[in-house]
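Given next are the chains, with one letter for each unit.
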Amino acid sequence: MTAGASLYTAAERARRDSTVWTLVQGVLAPIQFIIFLVSLGLVLRYFGTGEGAFAADMSIIVKTLTLYTIMITGSIWEKVVFGKWLFAPAFFWEDVFSMLVLALHTAYLVMLLGGIGSVEARMGVALAGYSAYVINAGQFLWKLRVARLQGAGSPAESHGTLAVAS
């Protein structure tokens, strides 16, 4: 998005505001963040004490399944709003980074289910995925702010929401 360019055209804004997928994304994003915080605590507890690997693993699985859910529903949202399943120009870099987040979470699952590497290595991959997730969430929060600032002059736009895909 170039400086001064609007995040949404009028038609995209109307589709964003009328689709149920905007609400779905708005509900899933904070749920995923809460799951992330709990899981992060469990993973850090494992690294700090050497205990709780099972609980950490289960929380990472729940976080990963939530990530897959938000990625699928986010791609539906993007298709409805922008006409592309992923990589619409307005969210191109967010989607690129989302793919990294998804790849790291998937690598964790492969390690867990395939018995590949040590518990520490697996948890390290999870932490790398969580670090990428924090950056990606920041990207989407920035876009939310941009959308709200751009809509400040329009009463209909100022109450709109923005999907957070990762």
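See the structure shown above.
A brief look at the structure comes next. Computed from a predicted structure; not experimentally measured.

The rules behind these values
- Residues numbered from 1 in each chain as written.
- Predicted model: local features only at pLDDT ≥ 70, side-chain atom pairs only at ≥ 80, totals over all residues.
- Heavy atoms only, no water.
- Core = buried A, V, L, I, M, F, W, Y, C linked by side-chain atoms within 4.5 Å.
- Buried < 20%, exposed > 50% of the residue type's maximum accessible area, 1.4 Å probe, protein only.
- Helix = DSSP H or I, 4+ residues; strand = E, 2+ residues; numbered from the N terminus.
- Salt bridge = Lys/Arg side-chain N within 4 Å of Asp/Glu carboxyl O.
- Patch = residues over 30% accessible without salt bridge, like charges linked within 9 Å, V, L, I, M, F, W, Y side chains within 5 Å.
- Areas by Shrake-Rupley, 256 points an atom, 1.4 Å probe, with all protein chains shown as cover.
- Lys, Arg positive; Asp, Glu negative; His and termini not counted.
- Contact = heavy atoms within 4.5 Å.
- Axes fitted to C-alpha atoms, helices over the stretch in contact; angles between N-to-C directions.
- Parallel < 35°, antiparallel > 145°, perpendicular 65-115°, else oblique.
- Left-handed = near helix turned anticlockwise from the far one by under 90°.
- Nonpolar A, V, L, I, M, F, W, Y, C, P; charged D, E, K, R; others polar.

**Comments concerning the nonpolar core**
- If you look at the biggest cluster of nonpolar residues, it comprises 22 residues, and the most contacted ones within it are Val43, Ile60, Leu67, Ile70, Val101, Tyr108 and Met123.
- Elements with a contribution of two residues or more to this core: α2 (20–49), α3 (53–82), α4 (92–114) and α5 (119–150).
- In this structure, Leu7, Phe82, Ala90 and Phe140 belong to the second largest nonpolar core, which totals ten residues.

**Considerations on unusual backbone geometry**
- Positive phi is not limited to glycine here, since Phe87 has a value of about 65 degrees.
- Structurally, Phe87 is set in the loop between α3 and α4.

**A look at the pattern of salt bridges**
- Enumeration over the complete set of coordinates arrives at three salt bridges.
- As a salt-bridge pair, Asp57 and Arg122 come within 2.8 Å of each other at their nearest N and O atoms. A residue pair is termed long-range when its members are at least 10 positions apart, and Asp57 in helix α3 and Arg122 in helix α5 qualify at 65 residues.
- By relative accessible area, Arg122 is classed as buried at 9%.
- Lys143 is the salt-bridge partner of Glu94, the closest N and O atoms lying 3.1 Å from each other. Placement of Glu94 in helix α4 and of Lys143 in helix α5 is noted, with a sequence separation of 49 residues between them.

**Some details on a nonpolar patch on the surface**
- Where nonpolar side chains cluster on the molecular surface, the patch consists of Val20, Leu23, Val27 and Ile31 and spans about 350 Å² of accessible area.
- Topologically, Leu23 is positioned in helix α2.

**Observations concerning the side chain of Glu12**
- Along the chain, Glu12 falls in helix α1 (residues 10–18).
- As a buried residue without a salt bridge, Glu12 has its nearest oppositely charged side chain in Arg15, at a separation of 4.5 Å.
- In this view, Glu12 contacts Leu7, Val81 and Phe82; residues no more than four positions away in its chain are not counted.

**As for the packing of α2 against α3**
- Their axes nearest at 9 Å, the elements α2 and α3 cross at an angle of 160 degrees. The pairing of α2 with α3 is recorded here as roughly antiparallel in orientation. Crossing of α2 over α3 shows left-handed handedness.
- Residues of the contact of α2 with α3, tallied by class, amount to 19 nonpolar, nine polar and one charged.

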